[in-house]
Amino acid sequence: MNDSHSPRSSYHPRDSRSKPSWRDRRPPAGRPRTAPKKNLFVNKSPEGSESWLSPWVELKYFTYNPAVFPRMLGSVSGEIAPGSLVHVYDKNGELFGSGFWNETSRTPLRMVYHGDAFGERDWTPLWNGP
């Protein structure tokens, strides 16, 4: 079978035409490569959230997976610094656990503990040893 007439081959090493350089494949100047990220987590606070431990994040769905994606999240308490330890509440307003927050990540919430309140003071016994 002759390879030069194959519809699948668009470039052949012995072809006299050259491949386009990487500069030819760039988007035109002045146009952003991606759309700017909008803040997905600006919602009104749920009822009763005034008594929640701050900073807090509310879940829309129950999950025991450590990686929580944006669609699974409800409200967020204001601006939270990336890498902060946050208290996680379920859709019923009950404390669900704690996790690390990074709004710009594909998984903005990483759960580290399921259960009662877990704070920075709880990390020290793990580091000090016996």
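Rules used in this analysis
- Residues numbered from 1 in each chain as written.
- Predicted model: local features only at pLDDT ≥ 70, side-chain atom pairs only at ≥ 80, totals over all residues.
- Heavy atoms only, no water.
- Helix = DSSP H or I, 4+ residues; strand = E, 2+ residues; numbered from the N terminus.
- Buried < 20%, exposed > 50% of the residue type's maximum accessible area, 1.4 Å probe, protein only.
- Pairing = 2+ DSSP bridges.
- Lys, Arg positive; Asp, Glu negative; His and termini not counted.
- Salt bridge = Lys/Arg side-chain N within 4 Å of Asp/Glu carboxyl O.
- Contact = heavy atoms within 4.5 Å.
- Patch = residues over 30% accessible without salt bridge, like charges linked within 9 Å, V, L, I, M, F, W, Y side chains within 5 Å.
- Areas by Shrake-Rupley, 256 points an atom, 1.4 Å probe, with all protein chains shown as cover.
- Phe/Tyr/Trp six-rings, centres within 6.5 Å; stacked < 30°, edge-to-face > 60°.
- pLDDT = per-residue confidence, 0-100.

## Some details on the environment of Leu 109
Tracing the chain through its elements places Leu 109 in strand β6 (residues 109-114). Its relative accessible area of 0% is what places Leu 109 among the buried residues.

## Here's the deal with the sheet that holds strand β1 (residues 56-59)
With mixed pairing, 6 strands are arranged side by side in an open sheet as β2-β6-β5-β4-β1-β3. The strands lining the two open edges of the sheet, one partner per strand, are β2 (67-68) and β3 (73-76). In this sheet, strand β4 (residues 84-89) lies alongside β1 in parallel orientation, the contact comprising 3 bridges. Bridging from a neighbouring strand, Trp 56 pairs with His 87 of β4.

## So, the side chain of Glu 58
Topologically, Glu 58 is positioned in strand β1. Buried charge without a partner: Glu 58 forms no salt bridge, and the closest opposite charge is Lys 60, 9.0 Å away. What Glu 58 contacts, discounting residues up to four positions off in sequence, is Pro 46, Trp 52, Leu 73, Gly 74, Ser 75, Tyr 89, Asp 90 and Lys 91.

## Remarks on a nonpolar patch on the surface
The grouping of Phe 100, Val 112 and Tyr 113 at the surface amounts to a nonpolar patch, some 220 Å² of accessible area in total. Mapped onto the elements, Tyr 113 comes out in strand β6. For Tyr 113, a relative accessible area of 32% translates into the label partly exposed.

## Looking at the packing of aromatic side chains
Going through the model one piece at a time under the given rule, you end up with 4 aromatic pairs. Pairing Trp 52 with Tyr 89 gives two aromatic rings, centres 4.2 Å apart and planes at 5°, and the pair type is stacked. Here Tyr 89 lies in strand β4 and Trp 52 lies in the segment before β1, a separation of 37 residues in the sequence. Judged by its relative accessible area of 10%, Trp 52 is buried. In this structure Tyr 89 comes out as buried when scored by relative accessible area, which is 5%. Members of the aromatic cluster, joined through ring pairs, are Trp 52, Trp 56 and Tyr 89.

## Details of unusual backbone geometry
The step from Ser 54 to Pro 55 runs through a cis peptide bond, and the omega angle for that step is -10°. If you trace the backbone, Pro 55 turns up in the segment before β1.

## Concerning the pairing of β4
By the criterion of burial, β4 is predominantly enclosed, with 5 of the 6 residues buried. One ladder, built from 6 bridges, connects β4 with strand β5 (residues 95-101); its direction is antiparallel. Pairing of Leu 85 across the sheet is with Phe 100, part of β5. Count of turn residues in the β4/β5 antiparallel hairpin: 5 residues, of which Gly 93 carries a positive phi of about 85°.

## Brief notes about the confidence of the model for the chain
Per-residue confidence for the chain averages 76 on the pLDDT scale, and 61% of its residues sit at or above 70. Mean pLDDT per element in the chain: helix α1 (residues 124-128) is the minimum at 58, and β2 is the maximum at 94.

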